[in-house]
Amino acid sequence: MPRPRMLAYLDRWSASPGQRVNVHASGPAGAARVEVVDLVSQTVLGQAMPVVVEPRRLLTGSHLEATGVPAPARGSVALWLRPHGAVARQVVAELDTGDRRLLITLDEAGRPETVIETGSGVLRAGAGSALPQGAWSLLVAAWTAEPSGTRLRLTVRGAMRDDATAHRADLPLEPATATLRFGAGSGHRDPYAGRLALPLLTGDALTSGDCDTMTGLTGGPALAGHLGAGLLALWDPAADPGGPVVLDISGNARHARAVNRPLAGLVGPGEDGTRTALQLSPEDLDDARWPRTCSVTVPVDAGSTVLGVRVRAGGDSHGDCHVVPLVVPPAGPARPIAVVLPTFTYLAYANHRQSSEAEYFGDYSHVTDRRIELSDTDVHLNAHRDLGLSLYDQRREGGPVYHSCGRRPVLNHTPDYRWWMTGAPRHFAADLLLLRWLHAEGFAFDVLADEDVHTGGAALLARYRVVLTGSHPEYVSAPEREAVAAYVSGGGRLMYLGGNGFYWVTGVDSRHPNAIEVRRGHTGAWWDNEPGEDVLTSTGEPGGLWRERGLAPQELLGVGFTAQGWGPAPGFTRLPDGYRAEAAWVFAGISDPVIGRHGLALGGAAGDEIDRADPGLGTPPGTLLLATSAGGHSGHYQNAPEEARLGADAVRADMTLRLTGAGGAVFATGSVNWVASLACCDGDVRRVTRNVLSRFLIPKPFKGVT
């Protein structure tokens, strides 16, 4: 067997000086060490801590689990089912007392079966045909233990109708207490892939006639009213959509734990559109739930920075290691500058796999002329889907991913990670280069995570003279967007140093720490959700693009996402507005009319995902168009789906400046690659960034038309 890889995660992504953070690690069995590194100044803080690690499993698969439920000698387990596909045996329900089990399963062909297993023997009843795909079926397993023996019946109602009965005289059943699971067997075995609605348990053996009646009762309260006193539990996902437990509405409070956050807020059976369904997937992973390896305390004198918690195998400096970033917001007075790291975007791309992008793009030659080379990390991610999926992966059974959590090992958010598409830093690794540049230049700054702004709101940002974004703040929540908008309208000075920013509506649910929810609506891509299912269970708001909510990025930032591509990246050509008196200071010390001819990513500053100004989408009047990459992009750059009708004219990155009437300003670069150029030897990108930041720090008002 290959040697286990060192993996780790923290119980949070942001912690202030003095706070303790739990470290969860897995690796080669034996001694290891944990140390804290300031990733900005690149210094080790304190002494390494010796720990012991061992290999840990990642138990994927979403399902429901209710403990302490009755297992009567006479009863029924029933549920609505809409399977996604039959590739292996799947456990739909398991009632487990320890001494006996009742199972409802689908075999490799999708045929339902119910089984009772005891120490005395096995009793089974199965349907002869597979459940139809894409349609709801009601499955009911009913059993009766009588002096003559035990009778077991499976009833199927819906597009398919079937009844199967089995009897065994030597299989006695006694009342007991059990664990009831829906969607997997014990130990996450034989997981189910598909939708499930309104699972229930009764103390009566439901008859075929009862099942016929139930097909017309597809709402939880109506179903509970019909079953009456015989109902032991009825779990209704519509009662509290997206919660960590699915509520039992029978009145018996036998609530079920929602393991690995099944997708909620989905339309169930019937024609009333009630959100009674969950979608279960064998690949869901909400929280690795590894035991705590140790705790570390953020040094009280660390200041605001980004730390790396480094877990190294073997206890020596040459062992396999994993570095987990930790944002440290300020605990005391604010410095003049805040850098908001786009940690929601980091989560969206957590464990982003090359194999998924290869499936999406097909032939890479459409979007790049680079030779794709995979690092060991990329190869590992392709081979280990048990690390949890990113929001850019397709499930094996089909369908998009809507949730991503940081309480699992994330391999592509380490300081040394290089993205396979560009061979350069992206996301966290790129934004860390921005922080190191600021540190080297002597700027005094604090570091915030998206979570900090989501929670702290406008009052948090108001403490700062200048706020900087990272290179790709694609995913933002409503409170975060409102905070940034209030900061700008109140006279704040914002430097948007990225591309494809403030794009997707992102939900944050306090019931699911360190996680996000994204539903993309109908954008014409493989992640489209079904009609009527774009409402976030996290917040109750519609998902999709902020633009579809009447809040296009141009309105706030001056520019918005327009195209993407990974061919050679050009620079920005200075435009007439860039020579106007109120903006010429941006280019002080620069004689070349083209800015950003070089860069770590794709060779230039205007590349990867890029943004353009557009008054029709909300770019405010008076916004100065300083420079553009228009005409400099190859055919590898494609319009964003919502911009496809605009053609080549929309394939450009625009650099803009808006001076607000409140004395504030917004500067935008409109390119993911800007920060990667900032980090290389290209002096003009550094000079523009330094010029703008230095001027934004001066409190005096700007001159010129606003």
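Quantities reported herein were computed from a predicted structural model and do not represent experimental measurements. (Residues numbered from 1 in each chain as written. Predicted model: local features only at pLDDT ≥ 70, side-chain atom pairs only at ≥ 80, totals over all residues. Heavy atoms only, no water.)

## A closer look at unusual backbone geometry
Residues other than glycine seldom take positive phi values, yet Gln 42 does so here, at roughly 60°. Of note, Gln 42 is situated in the loop between β3 (30–38) and β4 (43–53). Owing to a relative accessible area of 55%, Gln 42 belongs among the exposed residues under this scheme. Positive phi values are uncommon outside glycine, yet Asn 351 reaches one of about 60°. Take Asn 351: it is sitting in the loop between α3 (343–348) and α4 (354–361). Among the residues examined, Asn 351 registers a relative accessible area of 0% and is labelled buried. (Helix = DSSP H or I, 4+ residues; strand = E, 2+ residues; numbered from the N terminus. Buried < 20%, exposed > 50% of the residue type's maximum accessible area, 1.4 Å probe, protein only.)

## Observations concerning the packing of helix α7 (residues 450–461) against helix α8 (residues 478–489)
Where α7 meets α8, the axes come as close as 8 Å, and the angle between the chain directions of the two elements is 30°. With respect to α8, the axis of α7 lies roughly parallel. Viewed along their axes, α7 and α8 form a crossing whose handedness is left-handed. Residues Asp 450, Val 453, His 454, Gly 457, Ala 458 and Leu 461 of α7 form the contact with α8, whose own contacting residues are Pro 479, Glu 480, Ala 483, Val 484, Ala 486 and Tyr 487. Considered class by class, the residues forming the contact of α7 with α8 number 8 nonpolar, 2 polar and 2 charged. (Axes fitted to C-alpha atoms, helices over the stretch in contact; angles between N-to-C directions. Parallel < 35°, antiparallel > 145°, perpendicular 65-115°, else oblique. Left-handed = near helix turned anticlockwise from the far one by under 90°. Contact = heavy atoms within 4.5 Å. Nonpolar A, V, L, I, M, F, W, Y, C, P; charged D, E, K, R; others polar.)

## Here we look at the environment of Asp 528
Among the secondary structure elements, Asp 528 is positioned in the loop between β31 (515–517) and α9 (553–557). Exposure remark for Asp 528: the relative accessible area of 26% places this residue in the partly exposed category. Separated by 424 residues in sequence, Asp 528 and Ile 104 place their C-alpha atoms 31 Å apart.

## Some thoughts on the pattern of salt bridges
Under the criterion given, the structure shown has 40 salt bridges. A salt bridge links Arg 580 to Asp 577, with the shortest nitrogen-to-oxygen separation between them at 3.6 Å. Counted as one network, the salt bridges with shared partners bring together Glu 65, Glu 94, Arg 101, Glu 117, Arg 181, Arg 189 and Arg 257. (Salt bridge = Lys/Arg side-chain N within 4 Å of Asp/Glu carboxyl O.)

## Details of the sheet that holds strand β8 (residues 101–106)
The strand order across the open sheet built from 8 strands is β10-β9-β8-β7-β14-β5-β18-β17, with neighbouring strands paired in antiparallel fashion. Each end of this open sheet is capped by a strand with a single partner; those strands are β10 (121–126) and β17 (245–246). Pairing of strand β7 (residues 90–96) with strand β14 (residues 176–182) involves 4 bridges; the strand directions are antiparallel. Bridge pairing in β14 links Glu 94 to Arg 181. (Pairing = 2+ DSSP bridges.)

## Quick look at the pairing of β10
Of the two faces of β10, the one lined by Gly 121, Leu 123 and Ala 125 is fully buried and the one lined by Val 122, Arg 124 and Gly 126 carries no buried residue. Counting the residues that bridge the hairpin from strand β9 (residues 112–118) to β10 gives 2 residues.

## Section: the packing of aromatic side chains
Counted under the stated rule, the structure contains 15 aromatic pairs. An angle of 85° between the planes, with centres 6.0 Å apart, marks the rings of Tyr 346 and Phe 428 as edge-to-face. Of this pair, Tyr 346 sits in helix α3 while Phe 428 sits in helix α6 (residues 428–441), and the two are 82 residues apart along the sequence. Across the pair, exposure class does not vary: Tyr 346 and Phe 428 are buried alike. Among the aromatic residues, those joined into a cluster by ring pairs are Tyr 364, Trp 419, Trp 420 and Trp 566. Taking the ring centre of Tyr 402 as reference, the NZ or CZ of Arg 519 above it sits at 5.5 Å. (Phe/Tyr/Trp six-rings, centres within 6.5 Å; stacked < 30°, edge-to-face > 60°. Lys NZ or Arg CZ within 6 Å of the ring centre and 35° of its normal.)

## Some details on empty space enclosed by the protein
Inspection of every chain in the model, using the stated rule, returns 9 cavities of 30 Å³ or more. What lines the largest cavity is a set of 16 residues, among which Asp 284, Leu 285, Arg 395, Val 401 and His 403 lie closest to the centre. In the lining of the largest cavity, the residues fall into 7 nonpolar, 3 polar and 6 charged. Considered as a void within the structure, the second largest cavity measures approximately 100 Å³ in volume. Taken together, the elements giving at least two residues each to the lining of the second largest cavity come down to β24 (337–341), α7, β27 (466–469) and α8. For the lining of the second largest cavity, the element with the highest residue contribution is β27, accounting for 3 residues. Looking at the lining of the second largest cavity residue by residue, the class counts come to 10 nonpolar, 2 polar and 2 charged. (1 Å grid on protein atoms, 1.4 Å probe; cavity = no way out; pocket = protein on both sides within 12 Å on 5 of 7 lines; lining within 4 Å. Points joined across faces, edges and corners; volume = space filled by probe spheres on them.)

## Side note on the environment of Leu 600
In this fold, Leu 600 is placed in the loop between β34 (594–595) and β35 (608–612). Using a relative accessible area of 40% as the deciding quantity, one classes Leu 600 as partly exposed. Along the primary structure Leu 600 and Pro 269 are separated by 331 residues, whereas in three dimensions their C-alpha atoms are 52 Å apart. Contacts of Leu 600, omitting those with residues within four sequence positions, involve Ala 424, Pro 425, Leu 433, Ala 676, Ala 679 and Cys 680.

## Examining the pairing of strand β18 (residues 256–259)
Note: strand β5 (residues 63–71) against β18, 3 bridges, orientation antiparallel. What sits directly across from His 63, in β18, is Val 259. The sheet contact formed by β17 and β18 spans 2 bridges and is antiparallel. Counted as the bridge partner of Val 245 is Arg 257 from β18.

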